[in-house]
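# Observations on the three-dimensional arrangement
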Amino acid sequence: MIKLIFSLVCLRVARLLFMLFAIALTSHIQAREAWHKHEFTVMGTIAKLEFLTESPTLAEALIAAVVAEMQGIDESMSPYKKQSELSYINQNAGKKAVTVSPELFSLLVKAKEISELSKGAFDITYASVGYYYDYKKGHKPSQQQIDKSLPAIDYRVLKLDLVNRQVKFGSNKVKIDLGGIAKGYAVKRCITLLAEQGIKYALVSAGGDTAILGDKNGRPWYVGVKHPRADDKQAVILPLQDEAISTSGDYERYFLENGQRYHHIINPKTGKSTKGVLSVSVIGADATITDALSTTVFVLGLKQGLALIDTIDGYDAVVIDQNQRLHFSKGLQLN
Ligand code: AMP
Ligand code: MG
């Protein structure tokens, strides 16, 4: 009997020790830093998030905050949502001055600055013609429609009243769209949000725009630039740290008709898809700027595009030309 009691006690002690060991082990694991990943759909694309923290509770809260931040930007800036602030501007700013939220207004100011810098290659009023295209349905405007709406593409008719935070268009034919800058802005906002919460290592991407905080396990993050004509291949892989990269490509949204590719990057001078290069990636500190510049360089083409990038401190570009050849701005060349 005593033997039985003794072995039962031993068993209990062993169990207790085992549980204590398990708790100690779990709390040790919980206290260890771990990479947290999340993927979701927003702004018509896939957004990805990856960051390092030791707190699973904080990780959960940060994932929710990033999702909410991107969804909020989409609610305000989507041209597809009738209730968005952007849609309201497009419906009214041709008739009267419209007061705009500080966030959207400051993005309009940035977009106009890039228009001035690029002499109109980047122009959010491209949408005055751009909205006639439907890449999913394979629709494009007729030459007559282009001729009628082309004069409405002109960033100079976008009147931004900095004092009253108001926007007004030159005519009611003018429409704007932030597709060339909003995703970069969104990833920038999210990476800033993570940094403000003490995160030191992170990556946030939305479609072709990626913002990076710190390095990854003591090495740079390796970000691939898609091969423009082979979905499963990378054209080049870039080591990045505390930087952003944006890629614009003619393979993102397009349809083919009679061997012609109609894609989503519009030359403001013609109202038609830009010809010349297949893909442009811009690297630099600010994802809002890399996004706008990748679209800009795509429109400007290889020579003019790289020449512009070479004048901007801290920004570099990789261009893939029609013959699928790679070109680098001066800052990425060895000599
Ligand atoms: P991205 O992939 O950043 O080059 O953005 C392409 C998107 O930018 C298109 O889907 C349009 O919404 C918008 N866009 C197209 N052409 C222009 C242009 N010339 N200037 C500014 N935005 C443009
Ligand atoms: Mg862009």
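Fair warning: this is a prediction, and the values are worked out from it, not measured in the lab.

Our next topic: the environment of Arg253. You can see Arg253 is positioned in the loop between β10 (244-249) and β11 (254-257). Reaching out from Arg253, the side chain makes a polar contact with the side chain of Tyr80 at a distance of 2.9 Å.

Okay, helix α9 (residues 302-309) next. Looking only at α9, the buried set comprises Gly305, Leu306, Leu308 and Ile309. Angular distribution of buried residues about the axis of α9 spans 155°; they occupy a single face of the element. With respect to the buried face of α9, the exposed residues turned more than 90 degrees away are Lys303 and Gln304. Residues of α9 that are buried make contact with α4 (102-117), β15 (277-284), α8 (287-300), β16 (316-321) and β17 (326-328).

The next subject is the packing of aromatic side chains. Applying the stated criterion across every chain yields a total of four aromatic pairs. Look at Tyr133 and Tyr135: their rings are 5.7 Å apart centre to centre, the planes differ by 5°, and that puts the pair in the stacked class. Note on accessibility: Tyr133 and Tyr135 belong to one class, buried. Between Tyr135 and Phe255, the ring centres sit 6.3 Å apart and the planes meet at 45°, which makes this aromatic pair tilted. Here Phe255 lies in strand β11 and Tyr135 lies in the loop between α5 (127-130) and α6 (143-149), a separation of 120 residues in the sequence. Classification of Tyr135 by relative accessible area gives buried; the value is 11%. Its relative accessible area of 8% is what places Phe255 among the buried residues. Every member of this aromatic cluster is reached through a ring pair, and the members are Tyr133, Tyr135, Phe255 and Tyr262. Lys140 extends its terminal NZ or CZ atom over the ring of Tyr262, reaching a point 5.0 Å from the ring centre. Sitting over the ring of Trp35, Lys216 keeps its end group 5.2 Å from the ring centre.

Right, let's get into the site of ligand 1. In the vicinity of ligand 1, 16 residues are found, and the nearest of them are Asp177, Ser248, Ile266, Asp291 and Thr295. Within the backbone of Asp123, a nitrogen or oxygen atom sits 2.9 Å from a nitrogen atom of ligand 1. Take Thr295: an N or O atom from its side chain is 2.8 Å from an oxygen atom of ligand 1. When isolated, ligand 1 has an accessible area of 500 Å², and the protein chains bury 95% of it. A class-by-class count of the residues in the shell around ligand 1 yields seven nonpolar, five polar and four charged.

Our focus in this paragraph is the coordination of the magnesium ion (ligand 2). In an ideal octahedron of six donors the angles at the metal are 90 or 180 degrees, and in an ideal tetrahedron of four donors they are 109.5 degrees. All of the protein donors around the magnesium ion (ligand 2) are Gly180 (O), Asp291 (O), Asp291 (OD) and Thr295 (OG1); their distances to the metal are 2.0 to 2.7 Å. Ordering the donors of the magnesium ion (ligand 2) by residue number gives the pattern G-x110-D-x3-T. Here Thr295 and Asp291 lie together in helix α8, a separation of four residues that amounts to about one turn. The class for Thr295 is buried, based on a relative accessible area of 16%.

About the cut-offs
Residues numbered from 1 in each chain as written. Chains lettered and ligands numbered in written order. Predicted model: local features only at pLDDT ≥ 70, side-chain atom pairs only at ≥ 80, totals over all residues. Heavy atoms only, no water. Helix = DSSP H or I, 4+ residues; strand = E, 2+ residues; numbered from the N terminus. Polar contact = N/O pair within 3.5 Å; in protein donor to acceptor, adjacent residues only side chain to side chain. Buried < 20%, exposed > 50% of the residue type's maximum accessible area, 1.4 Å probe, protein only. Arc of directions from axis to C-beta. Contact = heavy atoms within 4.5 Å. Phe/Tyr/Trp six-rings, centres within 6.5 Å; stacked < 30°, edge-to-face > 60°. Lys NZ or Arg CZ within 6 Å of the ring centre and 35° of its normal. Near = heavy atom within 4 Å. Areas by Shrake-Rupley, 256 points an atom, 1.4 Å probe, with all protein chains shown as cover. Nonpolar A, V, L, I, M, F, W, Y, C, P; charged D, E, K, R; others polar. Donors = N, O, S within 2.8 Å, 3.2 Å for Na, K, Ca; no water.

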